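This is what each chain is made of:
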Amino acid sequence: MTKITIIGAGLAGCEAAWQAAQRGVAVRLIEMKPQQRTPAHELDSYAELVCSNSLKARRVQSASGLLKEELRCLNSLLLSEAEAVALPAGGALAVDRLAFSQRVTARIKEHPLIETVTAEVRTIPDDDFVVIATGPLTSGELFEDIQTRLGTAALSFFDAAAPIIELDSIDQAIAFRQSRYDRGGADYLNCPLNEEEYLRFYQALITAEVAEVHGFERKALFSGCMPVESMAQRGPDTLRFGPLKPVGLTDPRTGRRPYACVQLRQDNFAGNLYNMVGFQTRLKFGEQKRVFRLIPGLAEAEFARFGVMHRNTFLDSPRLLAADYSVRSRPGLFFAGQITGVEGYVESIASGLIAGTAAAMAAKGVPPAARLEFVPSQNSIIGALARYVSDPEVDDFQPMNANFGILPPLEEKIRQKEARNLALAERSLADLQALSLKFNESLSD
């Protein structure tokens, strides 16, 4: 039987394995955990969420929400498992990261057509059909082999994870529960700062000692995961218009909007751990304690996990990949996930869905041009991301999140943002209705 080899059991690799197996193609999924881990991983199970436990907004008027709806139309395994372990998070989809990882691992291991193997892969296999989904921390030996064989330059940026705090150590006489604009339930804990408190915290943050990160350069920061201290260096108001923006919140002690506000989001089902939203950091651990305890409500904060920073590496994909995430010079070889330059959890899942489906089509003898029929149109976030990472006209290639800016404009100009975004979403989902039939027809009986 023809078999697809998939390297890496992260978000993209698991989605790719599931999509291929659902189409009746045998899969060998190779993952190096628990035999070996990267510095960013803690769990032995698959589909580990490393940085945040949030998969961002649900509303289709947001690009991330539209992307989720597109994945739902195309029967994404990981989206359905995420929704099964969702936590209170206002208008966002946040999950218990351990329960999510365990559920995905169980579904993958229970599939009769998926064989799981624990091993580290150091070179691209010579198999006919291969999906490389090793993520942004791909091991040096494998990445060197990719460069040697494909002749593409490696790019990189730096990613950071936020601290996680024990709920019992948060002073809830100060921190109050509310979702921004009251969307969803009172799902976030909010630590309000007045102007004096904010400026004291700000000065401590910009003068705090940071941990050395090998090869770190300011220009290598990706704005979607910029450390909070780097953001603060741009000026005292940057944080107040970024992760500490107070809009949509009311401090019950004053009845007014705070000058600034730190939000904390539930991180697990038990509800005893909360992560600091937008507080990715490379501060030394001792400095994180000192500086973050200046935030009202966190004076006695106990950290279940400190923030960390690590290097993420991705390919110069526009010079390498086709829109189905296959290598143009080797159509049976595919890449998926953040190694391709898509940035974000849900974006990685989307790339895995397309790569796994296309790999299954390839294994069934479908030629490269015909496989592109399974890539959603550029009117969708999934299709627009696939074309962004495969567009040879892109010069300064950088990681890309889901956003409405990568979609073609509407024929009719709509000035109001919410109405315009809704129209873009409706256009995307209308396109996907026909494609979802093709996806369903390609599934194994």
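Refer to the structure presented above.
This section reports on the structure supplied with the text.

The rules behind these values
Residues numbered from 1 in each chain as written. Predicted model: local features only at pLDDT ≥ 70, side-chain atom pairs only at ≥ 80, totals over all residues. Heavy atoms only, no water. Core = buried A, V, L, I, M, F, W, Y, C linked by side-chain atoms within 4.5 Å. Buried < 20%, exposed > 50% of the residue type's maximum accessible area, 1.4 Å probe, protein only. Helix = DSSP H or I, 4+ residues; strand = E, 2+ residues; numbered from the N terminus. Polar contact = N/O pair within 3.5 Å; in protein donor to acceptor, adjacent residues only side chain to side chain. Contact = heavy atoms within 4.5 Å. 1 Å grid on protein atoms, 1.4 Å probe; cavity = no way out; pocket = protein on both sides within 12 Å on 5 of 7 lines; lining within 4 Å. Points joined across faces, edges and corners; volume = space filled by probe spheres on them. Nonpolar A, V, L, I, M, F, W, Y, C, P; charged D, E, K, R; others polar. Pairing = 2+ DSSP bridges. Axes fitted to C-alpha atoms, helices over the stretch in contact; angles between N-to-C directions. Arc of directions from axis to C-beta. Parallel < 35°, antiparallel > 145°, perpendicular 65-115°, else oblique. Left-handed = near helix turned anticlockwise from the far one by under 90°.

As for the nonpolar core
I4, F100 and F335 are the most contacted members of the largest nonpolar core, which has 99 residues in total. Broken down by element, the residue count for this core peaks at 13 residues, all from helix α9 (residues 345-363). The next biggest cluster of nonpolar side chains, apart from the first, holds 34 residues, and it includes I170, Y198, M226 and I295.

Regarding the side chain of T138
Its location among the elements puts T138 in the loop between β7 (130-132) and α5 (140-150). Overall, T138 belongs to the buried group, its relative accessible area being 11%. Of the polar contacts made by the side chain of T138, one reaches the side chain of T134; its length is 2.7 Å. Engagement of the side chain of T138 in a polar contact is seen with the backbone oxygen of G135, the distance being 2.7 Å. Leave out the neighbours within four places in its chain, and T138 touches F143 and I339.

A few points about the layout of surface pockets
Taken as a whole, the second largest pocket holds about 330 Å³ of empty space. E42, R97, I164, D267 and R305 are, among the 20 residues lining the second largest pocket, the residues nearest its centre. Of the residues belonging to the lining of the second largest pocket, the class tally is 11 nonpolar, three polar and six charged.

Quick word on the sheet that holds strand β3 (residues 54-57)
Pairing is antiparallel across the open sheet formed by three strands, whose spatial order is β3-β5-β4. Each of the sheet's edge strands pairs with one partner strand only, and the pair in question is β3 and β4 (86-87). Seen against the sheet, helix α3 (residues 77-84) touches β3, β4 and β5 (92-95) and runs at an angle of roughly 80 degrees to β5.

Considerations on α5
Taken together, the buried positions of α5 are occupied by L142, F143, D145, I146 and L150. Taken around the axis of α5, the buried residues stretch over an arc of 155 degrees, which confines them to a single face. More than 90 degrees from the buried face of α5, the exposed residues found are E144 and T148. Looking one or two residues beyond α5, the residue adopting positive phi is G151, at roughly 65 degrees.

A look at the sheet that holds strand β10 (residues 176-177)
Within the open sheet, the six strands sit side by side as β10-β11-β12-β13-β9-β14. Their pairing is antiparallel. A single partner strand is all that each edge strand has here, and the edge strands are β10 and β14 (303-305).

Focus: the packing of helix α2 (residues 63-73) against α9
Where α2 meets α9, the axes come as close as 10 Å, and the angle between the chain directions of the two elements is 30 degrees. Relative to α9, the element α2 is oriented roughly parallel. α2 and α9 meet at a crossing whose hand is left-handed. Along the contact surface, α2 presents L67, K68 and L71, while α9 presents V346, E347, I349, A350 and L353. Here the contact of α2 with α9 is composed, by residue class, of six nonpolar, no polar and two charged.

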